[in-house]
Amino acid sequence: MSTTVTAKGGLPAQPQQEEVNYLNVEHTISSWLLTGDHKRIAMLYLISTTFFFFLGSLAAGLVRFELTSPAGVVLESETYNKVFSSHGVIMVFLFLVVAIPAIFGNFFIPLMIGARDLAFPRLNLASWYMYMTGGLLIMIGFIAGGVDTGWTFYTPYSSMYSNTQVSLVLVGIFIGGFSSITTGVNFIATIHKMRAPGMTWFRLPLFVWAMYSTSLLLILGTPVVAITLLLVVFERLFKLPIFSPELGGDPVLFQHLFWFYSHPAVYIMILPAFGIISELIANFSRKRIFGYHFVAFSSIAIAGLGFLVWGHHMFISSQAMYESVVFSLISFLVAVPSAIKIFNWTTTIYKGNVVLSSPMIYAIGFLLIFTVGGLTGLYLGGIGTDVHLTATYFVVAHFHYVMVGGTMLAFLGGLHYWWPKMTGRLYNERIAQVNAVIMFIGFNLTFFPQFILGWLGMPRRYHYYYFAPEFQAYHIMSTLGATVLGLGFALPAFYLTASLFNGEKAGPNPWNAHGLEWETSSPPPTSNFLETPIVMDEVYDFDPVSEHEQDMADQAKKSSTENPEDHH
Amino acid sequence: MQFFNFPLSPPSASNFSAEYDVLFYVLTGLTLFFSLIVGVAVIFFAVRYRKGSKADRSRPLYENLFLELTWTIVPLVLGLIMFYFGTSLYIKMRTPPRNATEIYVIGKQWMWHIEHGNGVRENNTLHVPVGQPVKLTMISQDVLHAFYIPAFRVQEHVVPGRYTQLWFTATKAGEYHLFCNMYCGTQHSEMGGKVVAMEPKEFAEWMANGGQSVAPMSMEQAGAKIYSKIGCNNCHGAEDTLHAPSLYGIYGKRRVFADGTSLIADEEYLRSSILRPYDHITQGYGQTMPVYEGQLTEEDVINLTAYIKVLGTTTANTPTSNVNRSSAASAVSGNNNPTSLATNAMQANTPDPDATPTRRNGSPAVGAIAAEGKNR
């Protein structure tokens, strides 16, 4: 690290005086709403995605509460269907797809590659406005009655049969989709053109590689789903015959188009999480990531293969038998790069100097949960086993293991890791560590029983199951777990907010981490670096051997001063 | 398998389920194995190499082609093996044998309508024989549905505008869940019922009886059965006896009573004389007949009356012929209880099963009543 030549301009000349940073440079509301600063836009995204996440979790809580009894508790079936649909729509389109790229990608890509900002700052701001417009339309749709189609909007139910606010919500998702596309374009241009001198491709932190792969998916996939959803709107409003057999369309065509995006969208949600985990594992094991090239290229491999497996959502949708066979084969291939990542991360910890700070506990939780989430994907990618399990709670459990246990834990790990950089404050580390454990327990209690439910044959999206009361015990377990999980989500809201007011000052590099983002002050100034940094060292350039020797020396020194009689 | 209140596996009752379960458990074994390897390694390394521990850090590893190839090739090979077995099972699932019995399924919001080859129809219940391959040809009348029988490990979408197929051979008699497993609107969760797998002999009888476990009877036949069951024929014979008058040809005749009054023997009179015989004692007889009030249901009385009307005529011995009509009705009510045959026979006049409510039949368990109340 010492060999990185950077301007230490961010460091305070006079420690007593609050230095100028991106947060305190201006205080007016318009300075936030009209900002071009990627860091401020990231903060806007953080606030708005957190708000939507909160709404989505309320819906999830209501669903879990309702399922404690086989005949429902408080909701009508119609309302229940709207509640689970809004949970899915909000979590997928307004949180998971957006959160990590738009918050951490926005904030840290320029900092990690030593740039002043993203390539197109105004496009970046426009993307937030598109996201908010989409989000607002979706919210208006929910207030005006909601949708009862599930987040998948399968035709012809969505296009011809549902009497809910489908058109409004789909237009909202369509507009929000453009925010994804512009973000992707911005990231790719930035990573290609704005790397600091010496920041070669293979010195890029793996988070940047992950964001690069994600951007490819965003650009290639989002237009397809955007147009598809628009076609559903046209069929609803103008009876354009695309998907409904009554009009002469094909209902299964929708599934092909939808999953052509929505399967890669799964990787849009998980690749950024992989990026964060690589950062956390390397920095808290204090060791260069094992097999850097394999981890980096596995992201690209996932992005590429991810476009060729959409048919595995349709094994029983009446697609041809050999079509299913091919999609299944490719689905098994895409499992391999994920396995490569898991094993490389595990091996990175070997002979490191592991610091079990809260972000690292989240990362370890991620490794354990994502392994299960990934392996249970094999049940679903294998055609024979998928037939019985598809669309049951097994699928629900599987994608929550990947999306919540994977993406959400990584998100929280990243949030705890970069919080001091983003806000300049340290939170209460002890509570944060306990919270990471609460999350892990709550998560498994919520979603593990759902694997068994699915294996027993409990269909997803069922409001009642009074005809199969044998499922109830697992539903109650799951709801108990969701309560614990809810606590795990609520606590950070309090202790992180509290840190803004009474947290200790973080300093530029509270974790003693390696990476350009830690070389500037916390929070960084508007221009990120006062002088363009020049990168001379390798990525994750830790020296675990000498660090360990230093630790041993410190301990020996300490014990000799504390217990001098030991030396008799 | 069951562990207290926690069932651990679904019933296994088709030709696919044994092979399916082997695959499932092998995958579960692999999942446990690799999760444990990763979990134990991560936690062991994190503790052993925690900062400041004394463990040896010399010669750290950063890249190793051999390791990378190992954990690329081993999962790949295992994956391909699982792919092979999964695909071979799937191809079997998609290749119905030629001798399969064909049954047709129509899905609509929110019910399953099923039609057997001989015209027997049923709603939300599918009867199949054990040991005989069955091929379902399915289509939807509105939105997407999915026909899902967990105990058989089979499932397929039911699509509007095109036929899809599903086949299986039931291997164990019993009742199993039938679910719609493709979200189809408000009452999606209640679109289902049961699959009844029957021994071939019982199934053949069931089919011959037009979809009922007992052959349907006309009202007269049902009445005749009760007539002999409760022993009417012991006293009321073909001729008047010392104990009781004959009932042959009684309907529509004037009856003169012990007190000198008289009445025409209409349905009202027959009913009251069966239930409360002492109201009107026929001239020349004493109070010897038992009182049947509280002993017979109204349905029994209606059937008895129908029989009495035709006593002594040839109709009393004519077997019924409206098998298919009444089967449709019984499929609608889903009620195979012999005591309600009269109801079935009456429903035979409205053979359109579509006209009936789409409620799930089968026995509603906990809270079903609450749910019914709510949906009204």
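The structure we're discussing is the one just above.
Each chain carries its own residue numbering, running from 1 in the written order of its sequence. Here the convention is simple: chains get letters from A, ligands get numbers from 1, in the order in which they are written. Residues qualify for local features only when their pLDDT is at least 70, as the model is predicted, and side-chain atom pairs are given and counted only at 80 or more; totals for whole chains, interfaces and linings, by contrast, use all residues.

Q: Can you walk me through the overall build of chain A in this structure?
A: Helix and strand definitions follow DSSP, with helices as H or I runs of at least four residues and strands as E runs of at least two, each counted in order from the N terminus. When helices and strands are tallied, chain A shows 17 helices and two strands. Its C-alpha atoms give chain A principal-axis dimensions of roughly 85 × 55 × 45 Å. Per-residue burial for chain A yields a buried fraction of 61% across its 568 residues. Pairs at least 24 apart in sequence give 84% of the contacts found in chain A among residues at least 6 apart. Burial is judged by counting other C-beta atoms within 10 Å of a residue's own C-beta: 20 or more means buried, 12 or fewer means exposed, and anything between counts as partly exposed, with every C-beta placed from the backbone. Note that contacts rest on C-beta atoms placed from the backbone: two residues are in contact if these are within 7 Å.

Q: Just checking my understanding: could you explain the interface of chain A and chain B for this structure?
A: Accessible area lost upon the coming together of the parts is a frequently used measure of interface size. Between chain A and chain B, the contact holds 85 residues from the first and 86 residues from the second. The element that contributes the greatest number of residues to the side of chain A that touches chain B is helix H11 (residues 321–349) of chain A, accounting for 15 residues. Under the grouping applied here, Gly and all other residues not named as nonpolar or charged are polar, the nonpolar ones being Ala, Val, Leu, Ile, Met, Phe, Trp, Tyr, Cys and Pro and the charged ones Asp, Glu, Lys and Arg. Partitioned by chemical class, the residues of the side of chain A that touches chain B number 51 nonpolar, 26 polar and eight charged.

Q: What am I meant to see in the pairing of strand E11 (residues 174–180) of chain B here?
A: All names here are of chain B. Burial runs high along E11: five of the seven residues are buried. A pair of strands is considered paired only if DSSP assigns at least 2 bridges between the two. In the sheet, strand E8 (residues 145–149) pairs with E11 via two bridges, with the strands oriented antiparallel. Within E11, the residue paired with Phe 147 across the bridge is Cys 180. Of the strand pairs in this sheet, E11 and strand E12 (residues 192–198) are connected by six bridges, and their pairing is antiparallel. Looking across to E12, one finds that Tyr 176 is bridged to Val 195.

Q: Mind showing me how you'd approach the environment of Phe 243 of chain A here?
A: Mapped onto the elements of the fold, Phe 243 of chain A is located in the loop between helix H8 (206–238) and helix H9 (251–285). If near-sequence neighbours (up to four positions away) are discounted, Phe 243 of chain A is found in contact with Thr 155, Pro 156, Ser 159, Val 232, Glu 235, Gly 249, Asp 250, Pro 251, Leu 253 and Phe 254 of chain A.

Q: Looking at this model, I keep getting lost on the pairing of strand E9 (residues 154–158) of chain B. Mind explaining?
A: Within a regular strand, the side chains alternate between the two sheet faces. When you tally the buried positions in E9 of chain B, you get five out of five residues, the bulk of the element. Counting the residues between successive antiparallel strands, the hairpin from E8 of chain B to E9 of chain B contains four residues, one of them, Arg 153 of chain B, with a positive phi of roughly 60 degrees.

Q: I tried to follow the sheet that holds strand E4 (residues 111–116) of chain B on my own but got confused; where do I start?
A: Sheets are built from strands that pair by backbone hydrogen bonding, the pairs being arranged parallel or antiparallel. Residues and elements named next belong to chain B. In space, the five strands of this open sheet follow the order E5-E4-E3-E7-E10, with mixed pairing throughout. In this open sheet, the two edge strands, each paired with only one partner strand, are strand E5 (121–123) and strand E10 (164–169). Each neighbouring strand pair of the sheet contributes to a mean axis angle of 25 degrees, computed without reference to strand direction. Two elements, strand E3 (residues 101–108) and strand E7 (residues 133–140), share seven bridges in a ladder whose sense is parallel. What sits directly across from Ile 106, in E7, is Ile 139. A fitted line through C-alpha atoms represents every axis, and for helices the fit uses only the stretch in contact; the resulting angles, taken between N-to-C directions, go from 0 to 180 degrees.

Q: What should I look at first to understand the packing of helix H10 (residues 292–305) of chain A against H11 of chain A in this one?
A: Between two packed helices, the angle of one axis relative to the other and the distance separating the axes together describe the packing. Residue and element names in this part refer to chain A. Two numbers describe how H10 lies on H11: the axes approach to 9 Å, and their chain directions differ by 160 degrees. One finds that H10 runs roughly antiparallel with respect to H11. Judged by the sense of rotation from one axis to the other, the crossing of H10 with H11 is left-handed. Two secondary-structure elements touch here, H10 through Phe 294, Val 295, Ser 298, Ala 301, Ile 302 and Leu 305 and H11 through Ile 330, Leu 333, Val 334, Pro 337, Ser 338, Ile 340, Lys 341 and Asn 344. Its residues assigned to classes, the contact of H10 with H11 comprises ten nonpolar, three polar and one charged. Angular relationships are summarised with four words: roughly parallel below 35 degrees, roughly antiparallel beyond 145, roughly perpendicular across 65 to 115, and oblique for the angles in between. Helix crossings are classified by the rotation of the near helix relative to the far one: an anticlockwise turn of less than a right angle makes the crossing left-handed, while a clockwise turn makes it right-handed.

Q: How do you make sense of the sheet that holds E11 of chain B when you look at a structure like this?
A: Residue and element names in this part refer to chain B. Sheet architecture is open: five strands sit in the order E6-E12-E11-E8-E9, paired in mixed fashion. Each edge of the open sheet is held by one strand with a lone partner, namely strand E6 (125–129) and E9. Between one strand axis and the next, the sheet turns through 20 degrees on average, direction left out of account. Along the sheet, helix H3 (residues 200–208) makes contact with E6 and E12, crossing E6 at roughly 125 degrees.

Q: Whenever I open this one, unusual backbone geometry confuses me. Can you help?
A: Trans peptide bonds make up the majority, and among non-glycine residues the majority have a negative phi. Cis rather than trans, the peptide bond between Ser 522 of chain A and Pro 523 of chain A has omega equal to -10 degrees. In this fold, Pro 523 of chain A is placed in the loop between strand E2 (504–505) and helix H17 (544–562). In this structure, Trp 110 of chain B follows Gln 109 of chain B across a cis peptide bond, with omega equal to -10 degrees. Even without glycine at this site, Arg 286 of chain A takes up a positive phi of about 55 degrees. For Arg 286 of chain A, the position within the fold is in the loop between H9 and H10.

Q: How do you make sense of the packing of helix H4 (residues 99–113) of chain A against H8 of chain A when you look at a structure like this?
A: All names here are of chain A. Closest axis-to-axis distance for the H4/H8 pair is 10 Å, and the angle between their directions is 125 degrees. One element, H4, and the other, H8, form an angle in the oblique class. Where H4 crosses over H8, the two elements pack in a sense that is left-handed. Facing H4, whose interface residues are Pro 101, Gly 105, Phe 108, Ile 109, Met 112 and Ile 113, H8 presents Phe 207, Val 208, Met 211 and Thr 214. Within the contact of H4 with H8, the residues separate by chemical class into eight nonpolar, two polar and no charged.

Q: Explanation requested: the environment of Thr 35 of chain A in the structure shown.
A: Looking at the element boundaries, Thr 35 of chain A is found in the loop between helix H1 (29–33) and helix H2 (38–66). Those residues in contact with Thr 35 of chain A that sit more than four places away from it in its chain are Arg 40, Ile 41 and Leu 125 of chain A.

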